[in-house]
Amino acid sequence: TKTNHKTRNALCTAIMMVFACHITSYCAPTKDMALKVTAIEALGNIAESSSVLTLISYLDDNEFLIQSSAVRAAGKISSPESFKALKKRLANKDKRIAILIAAILSTQEDVVAENIFESGFQDADKLVRLEAIKAAGEFKIASSMPYLISFLSDSDSYIKAIAIEAIRSIDPKNKEACDII
């Protein structure tokens, strides 16, 4: 019945909020980067907007892995606060983070972010290109398909494999990606 459905949704929301608070308590005090990254990723997977402030505090972390996990988690939450925090950090000094942020913001039809994101596919740095490819797949950015398809003929087998994975994430029935395998 509708009442049972509403009650179940309210209960699930309450449990997620308690869980988010519990995870948040693991983030700050620990020096264990793996535990911190796991907690940050869990906050993103829960996608509870009450955890945005915690995630924002990790957007400026010195460790790439923590910072990129916080960016991804904030992107998954998709709240006005998370987009505002990401936009403030679009000019990040680490190009990989800037490309990841631009990918997320490009899903919100931010033209500047779209241009920055697309530049990542053509960057001389392999790690920047890989971040663009991964972000395209993770956030299912269909407009990046021409770039991803062009990577199918790349001489680097790792870039090719990540491009195939991204294409399959966006369009599981894509013929070009299926023919490679």
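Residues numbered from 1 in each chain as written. Predicted model: local features only at pLDDT ≥ 70, side-chain atom pairs only at ≥ 80, totals over all residues. Heavy atoms only, no water.

Asks: For this particular structure, what's the right way to read the nonpolar core?
Replies: Taken as a class, soluble globular proteins show a tendency for nonpolar side chains to be buried jointly. Grouped together as the largest cluster of nonpolar side chains are 48 residues, with contacts concentrated most on Val71, Leu86, Phe117, Phe121, Ile133 and Leu148. A total of eight residues in this core trace back to one element, the largest contributor, which is helix H6 (residues 95-106). With residues up to four places along the chain from it excluded, the contact list for Leu148 reads Phe121, Ile133, Ala136, Ala163, Ala166, Ile167 and Ile170. (Core = buried A, V, L, I, M, F, W, Y, C linked by side-chain atoms within 4.5 Å. Buried < 20%, exposed > 50% of the residue type's maximum accessible area, 1.4 Å probe, protein only. Helix = DSSP H or I, 4+ residues; strand = E, 2+ residues; numbered from the N terminus. Contact = heavy atoms within 4.5 Å.)

Asks: Just to check I follow, could you spell out the packing of H6 against helix H7 (residues 111-120) for this structure?
Replies: How two helices pack is summed up by the angle between their axes together with the distance between the axes. Taken N-terminus to C-terminus, the directions of H6 and H7 make an angle of 130°; their axes are 8 Å apart at the nearest point. Between H6 and H7, the angle is such that the two are oblique. Seen from above, H6 lies across H7 with left-handed handedness. Of H7, the residues touching H6 (which contributes Ala98, Ile99, Ala102, Ala103, Leu105 and Ser106) are Ala113, Glu114, Ile116, Phe117, Ser119 and Gly120. (Axes fitted to C-alpha atoms, helices over the stretch in contact; angles between N-to-C directions. Parallel < 35°, antiparallel > 145°, perpendicular 65-115°, else oblique. Left-handed = near helix turned anticlockwise from the far one by under 90°.)

Asks: I would appreciate a short explanation of the packing of H6 against helix H8 (residues 126-138) in the present structure.
Replies: It is the contact of H6 with H8, at a shortest axis distance of 9 Å, that shows an interaxial angle of 20°. Judged on the interaxial angle alone, H8 and H6 are roughly parallel. Considering how the two elements wind past one another, H6 and H8 form a crossing that is right-handed. The segment H6 lies against H8, with Lys95, Arg96, Ile99, Leu100 and Ala103 engaging Leu127, Val128, Glu131, Ala132 and Ala135. Residue classes in the contact of H6 with H8 are distributed as seven nonpolar, no polar and three charged. (Nonpolar A, V, L, I, M, F, W, Y, C, P; charged D, E, K, R; others polar.)

Asks: Would you explain helix H2 (residues 33-46) in this entry?
Replies: It helps to recall that an α-helix has 3.6 residues per turn; residues three or four apart then point in one direction. For H2, which comprises 14 residues, the first-to-last C-alpha distance of 20 Å matches the rise-based estimate of 20 Å (1.5 Å per residue) to within 8%. Listing the buried residues of H2 in full gives Lys36, Val37, Ala39, Ile40, Ala42, Leu43, Gly44 and Ile46. Immediately beyond the C-terminal end of H2, within one or two residues, lies Ala47, with a positive phi of roughly 55°. (Expected span 1.5 Å × (residues − 1).)

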